[in-house]
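Listed below, chain by chain, are the residues.
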Amino acid sequence: MKLLFKGGTVVSGDGMQKLDLLVKGEKILAVGEDLEFRDAEIVDVRGKLLFPGFIDAHTHMALEVSNTVTADKFETGTKAELAGGTTCIVDYATQYQGESLREALDNWHKKADGQSSCDYAFHLAITDWNEEISRELEEIIQKETCSFKLYMTYDTMVDDETMYEILSRLKELGGIAGVHCENNGIIQARVKEVEKRKGSRRDVSDYPWTRPKEAEAEAVGRLLKIAKCVDTPVIVVHLSTAAGYREILKAREAGQTVYIETCPQYLLMDEEKYSLPAEEARHYMIAPPLRKKKNQEILWQALKEGRIQTIATDHCSFTKEQKMAGADDFSRTPCGMPGAEERPALIWQFGVNENRITAEQMCIYLSENPAKLYRLYPWKGALIPGSDADIVVWDPDEEWTMTAQDQQSACDYCPMEGTKIRGRAQQVYLRGKLAAENGRIVEENTGVYIRHGIE
């Protein structure tokens, strides 16, 4: 079975060009002008843009956290991703205390295998470190995954000595770590201070004060000094502040390689959300928190200048009822928001349509760079011969409104409810098969696991 996409404009980081795509089975067979094949079914994409399937390299599906489990398991979360144009996610498999790395990955395979509607790979969050884990890491990197997650806060955090040891071992083996950068001591001290000062922690407007910009900036700076001692690249995930960004610029000026990921929520929403009535304000409790509005333009400018590498979602969804766990104490609220389906449309509307970034840059941040950074390229993140036929047919003119009611996520609210958008993933092809159309899932549970080790 061959499909011939005719009349569309192919988007890449290098430019936009009117080209036809010939797909055979799961792969792109040929790319060129005015292609003709007698036995191919024609897909008319005149007036449309053709993006490589988007990659969301920061998701938390079926994550056990805060005495609950995220609303979106792989079954619903990957449908949400696919509906918006994302054809591959890289989810965070988490090693819990006492587990081997293999046990952690096996746990995530049980959650994801046969349940996913888009393709999926794993990062591995390391929380327990010893000689045995260090030895096991070699096989994991060779056979399974090259990317890892380290936390500088939460009960999954690693201390500075362990951070140094893990980064050193990853350097030796060819892996890389993405790091959640917040100073745990500042956060814990301020959470206690709110209780002492007010007698309770019911007021959600106090939440951002407990996780100040300085907590991010300090942790970013400390991580980068440790990484410099090791002499290895690192990734700062979900960067939220100008203060953290300045720490990265200083390190880069000194010759360090530092990759940055940010998220739509830090580009589009601000801490005023925490002044809403408490029940609604809790919906926006994420970590790091939403920041003051002035940070947004600095992050957008960094994207315009190509100084940020990827835009991911940090999709970590909880229902309104789950968020109520923090009704009497905001620190008990499960932190996280949905964003899987919304990301491409939001970046198109507020990035491309508003001339903050170009369509080519959107392709870089949502497709090419995550594929390259996590060694999924060129079979993911590109529309070239030999690549997987993950194709997003983007209608730049369709006007629609974001609502929770119309989305695939199991979360019962949409953080950007009522946002008017011009531009949409009209059709989404996963390895050559139409899998979603206008937000509706056509083919489900056809996602496959993608290894991205260094073999």
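Values in this document were obtained by computation on a predicted structure and should not be read as measured data.

Here is what the cut-offs are and how they apply
- Residues numbered from 1 in each chain as written.
- Predicted model: local features only at pLDDT ≥ 70, side-chain atom pairs only at ≥ 80, totals over all residues.
- Heavy atoms only, no water.
- 1 Å grid on protein atoms, 1.4 Å probe; cavity = no way out; pocket = protein on both sides within 12 Å on 5 of 7 lines; lining within 4 Å.
- Points joined across faces, edges and corners; volume = space filled by probe spheres on them.
- Helix = DSSP H or I, 4+ residues; strand = E, 2+ residues; numbered from the N terminus.
- Nonpolar A, V, L, I, M, F, W, Y, C, P; charged D, E, K, R; others polar.
- Salt bridge = Lys/Arg side-chain N within 4 Å of Asp/Glu carboxyl O.
- Buried < 20%, exposed > 50% of the residue type's maximum accessible area, 1.4 Å probe, protein only.
- Phe/Tyr/Trp six-rings, centres within 6.5 Å; stacked < 30°, edge-to-face > 60°.
- Lys NZ or Arg CZ within 6 Å of the ring centre and 35° of its normal.

1. A closer look at empty space enclosed by the protein
Here's step 1: Enumeration over the complete set of coordinates arrives at two cavities of 30 Å³ or more.
Here's step 2: By volume, the largest cavity amounts to about 110 Å³.
Here's step 3: Lining the largest cavity are 13 residues, and of these Q265, M269, P338, G339 and L346 sit closest to its centre.
Here's step 4: Among the elements of the structure, α9 (264-268) and α13 (343-352) are those that each provide at least two residues to the lining of the largest cavity.
Here's step 5: When residues of the lining of the largest cavity are assigned to their parent elements, the largest contribution, three residues, is made by α9.
Here's step 6: Each residue belonging to the lining of the largest cavity can be placed in one class, and the counts come to eight nonpolar, three polar and two charged.
Here's step 7: By volume, the second largest cavity amounts to about 40 Å³.
Here's step 8: Lining the second largest cavity are A80, P338, E341, E342, A404, Q407, S409, C411 and Y413.

2. Quick notes on the pattern of salt bridges
Here's step 1: Per the stated rule, a full pass over the model turns up 38 salt bridges.
Here's step 2: Note that E218 and R222 form a salt bridge whose closest N and O atoms lie 2.9 Å from each other. Taken as a pair, E218 and R222 lie in helix α7 (residues 213-230) at a separation of four residues, close to a single helical turn.
Here's step 3: For R356, the salt bridge goes to E354, with nearest N and O atoms at 3.1 Å.
Here's step 4: For R356, a relative accessible area of 22% puts it in the partly exposed group.

3. Quick look at the packing of aromatic side chains
Here's step 1: In total, this model carries 15 aromatic pairs according to the counting rule given.
Here's step 2: Pairing F5 with Y429 gives two aromatic rings, centres 4.9 Å apart and planes at 85 degrees, and the pair type is edge-to-face. A residue pair is termed long-range when its members are at least 10 positions apart, and F5 in strand β1 (residues 2-6) and Y429 in strand β19 (residues 420-430) qualify at 424 residues. Neither F5 nor Y429 differs from the other in exposure class; each is buried.
Here's step 3: Measuring from ring centre to ring centre gives 5.3 Å for F51 and F54, while their planes differ by 50 degrees; the resulting arrangement is tilted. Considered together, F51 and F54 belong to a single accessibility category, that of buried residues.
Here's step 4: Among the aromatic residues, ring-to-ring pairing joins F51, F54, W348 and W394 into one connected group.
Here's step 5: One residue, K111, lies across the ring of W108, its end atom 3.6 Å from the ring centre.
Here's step 6: Sitting over the ring of W400, R424 keeps its end group 4.3 Å from the ring centre.

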